[in-house]
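Here is how the chains run, residue by residue.
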Amino acid sequence: MVAKDYPFYLTAKRANCALEAQAAASPAKETEEPSTKRVKPLSRVTSLASLIPPVRTTPLKRFSQTLQRSISFRSESRPDLLSPRPWSRNMPPANTKRRDSKLWSETFDVCVNHMLTSKEIKRQEAIFELSQGEEDLIEDLKLAKKAYHDPMLKLSIMTEQELNQIFGTLDSLIPLHEDLLRRLQEVRKSDGSTEHVGHILVGWLPCLNSYDSYCSNQVAAKALLDHKKQDHRVQDFLQRCLESPFSRKLDLWNFLDIPRSRLVKYPLLLREILRHTPNDHPDQQHLEEAINIIQGIVAEINIKTGESECQYYKERLIYLEDGQRDSLIDNSRVVCCHGELKNNRGVKLHVFLFQEVLVITRAITHNEQLCYQLYRQPIPVRDLVLEDLQDGEVRVGGSIRGAFSNNERIKNFFRVSFKCGSQSQSHSLQANDSFNKQQWLNCIRQAKEKVTCAGKARVQNLEARFLLSPNGSRVSQGETSLEQMDQSDSESDCCMDTSENNIDCERMEQTNSCESEKQLETDV
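Residues numbered from 1 in each chain as written. Predicted model: local features only at pLDDT ≥ 70, side-chain atom pairs only at ≥ 80, totals over all residues. Heavy atoms only, no water.

Per an unreviewed UniProt entry, the chain is named Rho guanine nucleotide exchange factor 3, and its organism is Nothoprocta ornata. You can read under Function (unreviewed entry) in the UniProt record for the chain the words "Acts as a guanine nucleotide exchange factor (GEF) for RhoA and RhoB GTPases." (UniProt positions renumbered as here; feature names shortened; annotations may be inferred.)

Structure, rendered in structure tokens:
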């Protein structure tokens, strides 16, 4: 508790004692003559916690969506953390263990006002934040293993194979970050300041390529964890951990997602250090090189993670008939977005927007795995027609007004339609809220724009391969090149023949002249 909270604490304590004394004296009054006067009851203050409003624990901030290639719009309503469970113990709420943020200027007792400039202090704060973040990350990774992985394995709540799938290569990340923390602490001076960090980062950052396998496994790990939460023992164990002080109101997946969150934060941390580094400082060049390294690593992991996610969902598509299979799905490498939507009859659908095709499915359980059964024929993005429907009304044809008695249920609709020959589809889809709807509209429009640009590029390439021949007919560029080569060869051959003929003629003339000269000499 900080010093500024002491007055409030003493005031609350005095009020608490006064109310308890009044409550203790109330039984004595019961023996006295009953009074007909109405007394307003006082709410008894039992603890300081009841005077302080509850503080909502914010989830981990996502500093970047780089590694989250697809935007998931699943309506996963997070359960109330404080709501009782039928299988949970009736126990008083535990005090949440909070992690206090530390500043460099408050951690080390130095007279920074006289020694360092304001810019240098900010530089030291940024370097200290990098070091402190590594320390917190190592603590959280060890906690995830000690408080979740090991107990569930020992109690046989999950099998070793399931835990390996969920936790992935988490163990291998701990020594990796311990190495960086050790290097940063070694170059820290006795007064707490650090002079050079750029060369350390340039040498250490390539180790982050090992995040490739961990991030690529997260989609399958999250799906398995959600499936295992349906098990009574798993849910009970996770709920008990959530109610414990060590969890800081974070569930297991929050701990498993911390490495990814840390990875995408490195560019921001390094830019902050670079921003407060003087131009003539030796770290300037090293920091710029380190930023380029981490950006390349994040971009590469980003691509591989997107491909892994796309492959995961493609393997879980169930086709009712072979006619539903589409090469556009097989050739897709990225899921642009996916999530749960409802049609105008209230049926829950899970919609996938791949690079060039929209797939509407229904989530089902198949062989104890969550799979997605195709609801209709896949719709090519290039032929898809998108309509933004106003709340309570539609723009073109049909009406969904009156389909629901509650006006709140006819909001946030948009329509996707498709018509090609005898085949036609039309789906009015409802998002959870206006923000969700706008995300879907933006993603579909961007996908259509990319497909259109790609189609134009292909047409231009094809046109570039065909040129007009002299007689007006269209010939391919390859044929033209061959003709040009043949023409150049024939010209070169002709030149060679002409030169050879000229040489022969000259030789014949010289021979004739020599013979005539000899004949004259003989005559003489």
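Still to come is the rest of the account.
**Considerations on the overall build of the chain**
Of the regular secondary structure elements, the chain holds 16 helices and 12 strands. For the chain, the proportion of contacts with a sequence separation of at least 24, taken over those separated by at least 6, is 68%. Summed over all atoms, the accessible surface of the chain reaches about 32,500 Å², with 51% contributed by carbon and sulfur. (Helix = DSSP H or I, 4+ residues; strand = E, 2+ residues; numbered from the N terminus. Contact = heavy atoms within 4.5 Å. Areas by Shrake-Rupley, 256 points an atom, 1.4 Å probe, with all protein chains shown as cover.)

**Points about the pattern of salt bridges**
Summed over all chains, the structure comprises 25 salt bridges. For R182, the salt bridge identified is with D179, shortest N-O distance 2.5 Å. Of this pair, R182 and D179 both sit in helix 6 (residues 170-186), separated by 3 residues, roughly a single helical turn. Assessed through its relative accessible area of 41%, R182 is described here as partly exposed. What makes D179 buried here is its relative accessible area of 19%. In the salt-bridge network here, residues are joined through shared partners; they are D179, R182, R183 and E186. (Salt bridge = Lys/Arg side-chain N within 4 Å of Asp/Glu carboxyl O. Buried < 20%, exposed > 50% of the residue type's maximum accessible area, 1.4 Å probe, protein only.)

**Notes on the packing of helix 9 (residues 218-228) against helix 13 (residues 283-315)**
Between two packed helices, the angle of one axis relative to the other and the distance separating the axes together describe the packing. Remark: helix 9 packs on helix 13, axes separated minimally by 8 Å, with the N-to-C direction vectors making an angle of 45°. Our classification of the angle between helix 9 and helix 13 gives oblique. Together, V219, A220 and A223 of helix 9 and E309, Y312 and Y313 of helix 13 make up the contact between the two elements. Taken together, the residues that form the contact of helix 9 with helix 13 break down as 5 nonpolar, no polar and 1 charged. (Axes fitted to C-alpha atoms, helices over the stretch in contact; angles between N-to-C directions. Parallel < 35°, antiparallel > 145°, perpendicular 65-115°, else oblique. Nonpolar A, V, L, I, M, F, W, Y, C, P; charged D, E, K, R; others polar.)

**With respect to the nonpolar core**
Formed by 58 residues in total, the largest nonpolar core has its most connected members in Y148, M152, F167, L201, L208, Y211 and L263. Among the elements that line this core, the one with the most residues is helix 4 (residues 118-154), at 11 residues. Aside from chain neighbours lying at most four places away, what touches Y148 is L143, F167, F237, L238, C241, F246, S247, L250, D251, L252 and F255. One finds L353, I360, F418 and W440 within the second-largest nonpolar core, a separate group that totals 22 residues. (Core = buried A, V, L, I, M, F, W, Y, C linked by side-chain atoms within 4.5 Å.)

**Description of the packing of aromatic side chains**
According to the stated counting rule, one finds 8 aromatic pairs in the structure shown. For the ring pair Y148 and F246, a centre distance of 6.3 Å and an interplane angle of 70° mean the geometry is edge-to-face. Of this pair, Y148 sits in helix 4 while F246 is found in the loop between helix 10 (232-242) and helix 11 (252-256), placing the two residues 98 residues apart along the sequence. The buried category is assigned to Y148, whose relative accessible area is 1%. Classification of F246 as partly exposed rests on a relative accessible area of 26%. Measuring from centroid to centroid gives 5.2 Å for Y312 and Y313, while their planes differ by 80°, and the two rings are edge-to-face. (Phe/Tyr/Trp six-rings, centres within 6.5 Å; stacked < 30°, edge-to-face > 60°.)

**Topic: unusual backbone geometry**
Its identity is not glycine, yet S156 carries a phi of approximately 60°, on the positive side. Within the fold, S156 resides in the loop between helix 4 and helix 5 (160-167). A positive phi is found at N412, a non-glycine position, where the angle reads about 60°. Residue position: N412 is located in the loop between strand 8 (385-388) and strand 9 (413-420).

**Quick word on the pairing of strand 9**
Of all 8 residues in strand 9, 6 are buried, a share of seventy percent or more. With 8 bridges joining them, strand 9 and strand 10 (residues 423-430) adopt antiparallel strand pairing. Its bridge partner being in strand 10, F413 is matched across the sheet by Q430. (Pairing = 2+ DSSP bridges.)

**Describing helix 12 (residues 258-275)**
Over its 18 residues, helix 12 extends 26 Å from the first C-alpha to the last, a length consistent with the 26 Å expected when each residue adds 1.5 Å. At K265, helix 12 is bent by approximately 35°, the largest bend along its length, and proline P267 sits one to four residues beyond. Of all 18 residues that make up helix 12, 14 are buried, and the element is covered over most of its length. (Expected span 1.5 Å × (residues − 1). Bend = angle between axes of the 7 residues up to and from the residue.)

**Overview of the environment of Q295**
Tracing the backbone through its elements, the reader meets Q295 in helix 13. The class for Q295 is partly exposed, based on a relative accessible area of 33%. The spacing of Q295 and Y266 is 29 residues in sequence and 8.9 Å in space, taken between C-alpha atoms.

**Looking at the state of the cysteines**
Applying the stated criterion across every chain, the model contains 0 disulfides. In this model C310 remains outside any disulfide bridge; the closest cysteine sulfur is found in C336, 8.9 Å from its own. (Disulfide = S-S within 2.5 Å.)

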